[in-house]
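Chain and residue survey
So the chains spell out like this:
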Amino acid sequence: MVINIPGPAAEGGGSACGGAAAAAVEVHRVCLPPPRTTVEKLRRRLADIFFPDDPLHGFKDQTRFRKLVIGLQFFFPVFQWGPDYSFELLKSDVVSGVTIASLAIPQGISYAKLANLPPIIGLYSSFVPPLIYSVLGSSRHLAVGPVSIASLVMGTMLSEAVSYTKEPDLYLKLAFTATFFAGIFQASLGFLRLGFIIDFLSKATLVGFMAGAAVIVSLQQLKGLLGIVHFTGKMQLIPVLSSVFHHTDEWSWQTIVMGVGFLVLLLTTRQISMKKPKLFWISAAAPLASVVLSTILVICIKSKYQGIHTIGHLPKGLNPPSSNMLYFSGPHLALAIKTGILTGILSLTEGIAVGRTFAAMKNYQVDGNKEMVAIGLMNMAGSCSSSYVTTGSFSRSAVNYNAGAKTVVSNIVMAAAVLITLLFLMPLFHYTPNLILAAIIITAVIGLIDYQSAYKLWKVDKLDFVACLCSFFGVLFISVPIGLAIAVGISIFKILLNVTRPNTAALGNIRGTQIYRNLNIYKDAVRVPSFLILAVEAPIYFANSTYLQERIMRWVREEEEWLALNNQSNLKCVILDMTAVTAIDTSGIDTISELRKVLENRSLKFVLANPVGNVMEKLHKSKVLEPFGLEGLYLTVGEAVADISSSWKA
């Protein structure tokens, strides 16, 4: 039998890490990782944390000129696809760009209203940001513009402190400033490669948050669909419903008939396109067609029916500069920063998720950190050109994809269409009724209610489903920002729960093999007489070390009780399978040492099996392995059982 405590040869990383044959059992040495300096370890660890994709690998072994070209392509993806761009690609991009423009124009106006901003701001936000993204973005199918959730959050948070009707100039300044800070936050995450921060919004909490926001947004649109003038600015379920039914005297039957009619039309076209994706153009063209048709109807009947409210005058011309409107001092600066960070997180989450979804469909990669930088710089530039928070919209991107977009030139075509609208077509929107904007918003956000995902959460993970419900009801009954905070809080709580209360399991042997598996899952796994084999399925840290010590001692007590109840042989050895223990700190090392002492006092042998490299290194340096003796450390559970059993027989 080989002595399996690392000796000098193992410390040097030499060839002593082999195996040797005993009379009946072959026991392999547990090796230490090759020696590395502290600086080397730190550099490797930081590289794994911040550069898991090794973004600079393309620069290796290249000439200076080639490195310059690769650098330009890295920071400006337009230089990557631009040289190979062809007329065939342009034809596809023109068709898709015009198609998404027909959707982006009415949506831009509608979402600006959702954010309590002048409708023209929505069109401005559909012009400059897409141009910036077309130079910096790496997704070929992402269609950029205002989105419903970011608009809702911005409108809710800012209107709680500043009235957009009484102080419109201040409100507009705060909106641009929040957009600026959203851009700084997003770009900083990308530059510093801290994109994992947005992962704290788990899928479960986002499903609940977006569903709750969609319900609130839809109910808020009853103001436009019913023709109510005096409507609550609050975004909770009860105040909104109360406002609807306390102002029945303001309901306009003409508005209701026309609004419901167009809403049914839009929902019908949406269903047609969902069932038959080849007919995507129907739902894409429906909003603009509805705007045109409703405007014509209002013009025809305006002399007869005065109760239908319209958008009114919209100024013609390009985006005016707004850098002089950024608000960097005053009592509302903290509000602008907070609003910017929250809307920045939400828009990043949606934009990157959408980009990766369509990239996977076409088998190409989207660099998340580069996308953060692109979206961030886009919003910073937008804040200086009268635009508010923008990102990749799922509805527009889906239309873009289905229309056959090949590159981000489709965004340039869309921006050109918006430019023509801004320069020449703005007077045509004067008589566009507010009810059609409400119908467009409801049609857009209703797709955020993903009941299928909620049902899947219930079937797969009950805790995730509870998180989804808490987020949903938090948005409905408290507020949108609080609902988002609840979503993040639940996500962090779940992480802490998994870290501080990791899974442990008793293992048994599958007959005729050297395989050991969970006794509760594998019914053909059997207990090994006189052994208790435990697996810890998480790193051992200060946060869970005390819990693990208590839980392991409970396993020991329960095993001894079970053996006594079933007249089995006494427990003699506890084996801790450390295969899944990917890391350990000093508190964890102390726990291992303390467990050995406690079990020895109870005349039980304590053995470690298969500690991974960095765990083995820390255990060795701490000298905690020395008291374990010659038979305290094994490469596998099977070798530990076989070797210790043979020593008992001898």
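Residues numbered from 1 in each chain as written. Predicted model: local features only at pLDDT ≥ 70, side-chain atom pairs only at ≥ 80, totals over all residues. Heavy atoms only, no water.

1. Section: the overall build of the chain
Regarding its fold elements, the chain presents 26 helices and eleven strands. Dimensions of the chain, computed from the C-alpha atoms along their principal axes, are close to 105 × 65 × 55 Å. In the chain, which comprises 650 residues, the proportion classed as buried is 51%. For the chain, contacts bridging at least 24 residues in sequence account for 78% of all contacts bridging at least 6. Accessible area of the chain: about 30,500 Å², with a carbon and sulfur share of 63%. In the chain, the 53 positive side-chain charges and the 39 negative ones have mean positions that sit 8 Å from each other. (Helix = DSSP H or I, 4+ residues; strand = E, 2+ residues; numbered from the N terminus. Buried < 20%, exposed > 50% of the residue type's maximum accessible area, 1.4 Å probe, protein only. Contact = heavy atoms within 4.5 Å. Areas by Shrake-Rupley, 256 points an atom, 1.4 Å probe, with all protein chains shown as cover. Lys, Arg positive; Asp, Glu negative; His and termini not counted. Charge placed at Lys NZ, Arg CZ, Asp CG, Glu CD.)

2. Comments concerning the pairing of strand S9 (residues 573-577)
Most of S9 is tucked away, with five of its five residues classed as buried. With respect to chirality, the unit in which strand S8 (residues 531-536) leads through helix H23 (residues 545-565) into the neighbouring parallel S9 is right-handed. Looking at chain direction, S9 and strand S10 (residues 605-609) are connected through five bridges and run parallel. Bridge pairing links Val574 to Phe606 in S10. Since S9 and S10 lie parallel, the crossover through helix H24 (residues 586-601) that links them has a hand, and here it is right-handed. (Right-handed = clockwise from strand over helix to strand, strands pointing away. Pairing = 2+ DSSP bridges.)

3. Here we look at the state of the cysteines
Under the defined criterion, the tally for this structure stands at zero disulfides. For Cys470, which is in no disulfide, the shortest distance to another cysteine sulfur is to Cys468 and amounts to 9.3 Å. Assessed through its relative accessible area of 34%, Cys470 is described here as partly exposed. (Disulfide = S-S within 2.5 Å.)

4. A few points about the packing of helix H21 (residues 462-477) against helix H22 (residues 480-500)
One can describe the packing of H21 onto H22 by two numbers: an axis separation of 7 Å at closest approach and a directional angle of 160°. With respect to their mutual orientation, H21 and H22 come out roughly antiparallel. Regarding H21 and H22, the two cross each other, and that crossing is right-handed. Facing Leu463, Asp464, Ala467, Cys470, Ser471, Gly474 and Val475 of H21, the residues of H22 in contact are Val480, Gly483, Ile486, Ala487, Ile490, Lys494 and Leu497. (Axes fitted to C-alpha atoms, helices over the stretch in contact; angles between N-to-C directions. Parallel < 35°, antiparallel > 145°, perpendicular 65-115°, else oblique. Left-handed = near helix turned anticlockwise from the far one by under 90°.)

5. Here we look at the packing of aromatic side chains
Applying the stated criterion to the full structure yields twelve aromatic pairs. Both rings, one in Phe181 and one in Phe328, keep their centres 6.1 Å apart while their planes meet at 90°; by these two values the pair is edge-to-face. Pair noted here: Phe181 is in helix H9 (residues 168-191) and Phe328 is in the loop between helix H14 (280-301) and helix H15 (333-361), with a separation of 147 residues, a long-range link. Through pairs of rings, three or more aromatic residues link up here, namely Phe180, Phe181 and Phe328. Its end group placed over the ring of Tyr364, Arg140 keeps NZ or CZ at 4.0 Å from the ring centre. Over the ring of Trp458 we find Lys462, and its NZ or CZ is 4.6 Å from the ring centre. (Phe/Tyr/Trp six-rings, centres within 6.5 Å; stacked < 30°, edge-to-face > 60°. Lys NZ or Arg CZ within 6 Å of the ring centre and 35° of its normal.)

6. A few points about the nonpolar core
Leu117 and Phe209 are the most contacted members of the largest nonpolar core, which totals 105 residues. Counting residues per element, this core draws most heavily on H9, which supplies eleven residues. Excluding residues within four positions of it along the chain, Phe209 makes contact with Ile149, Val153, Leu346, Ser471, Phe472, Val475, Val480, Gly483 and Leu484. Among the nonpolar cores identified, the runner-up in size contains 37 residues, and Ala525, Val536, Leu576 and Met616 belong to it. (Core = buried A, V, L, I, M, F, W, Y, C linked by side-chain atoms within 4.5 Å.)

7. Digging into a nonpolar patch on the surface
There is a patch of nonpolar side chains on the surface, built from Phe65, Leu68, Leu72, Phe75, Phe76, Phe79 and Val135 and spanning about 690 Å² of accessible area. With four residues, the top contributor of residues to the nonpolar patch is helix H3 (residues 64-75). Relative to the elements of secondary structure, Phe79 occurs in helix H4 (residues 78-81). Assessed through its relative accessible area of 44%, Phe79 is described here as partly exposed. (Patch = residues over 30% accessible without salt bridge, like charges linked within 9 Å, V, L, I, M, F, W, Y side chains within 5 Å. Salt bridge = Lys/Arg side-chain N within 4 Å of Asp/Glu carboxyl O.)

8. Some points on the side chain of Ser134
Inspection of the secondary structure assignment puts Ser134 in helix H7 (residues 128-136). Side-chain polar atoms of Ser134 contact the backbone oxygen of Leu131, separated by 2.6 Å. With sequence-adjacent residues up to four places away left out, Ser134 is seen in contact with Val78, Trp81, Val408 and Ile412. (Polar contact = N/O pair within 3.5 Å; in protein donor to acceptor, adjacent residues only side chain to side chain.)

9. A short note on the confidence of the model for the chain
On average, the chain scores 85 in pLDDT, and the residues at 70 or more come to 95%. For residues 1-16, every residue scores under 50 in pLDDT, and the model assigns this stretch 38 contacts once sequence neighbours within four places are set aside. In this model, residues 18-23 is a region of pLDDT below 50 whose contacts with residues beyond four sequence positions or in other chains number eleven contacts. (pLDDT = per-residue confidence, 0-100.)

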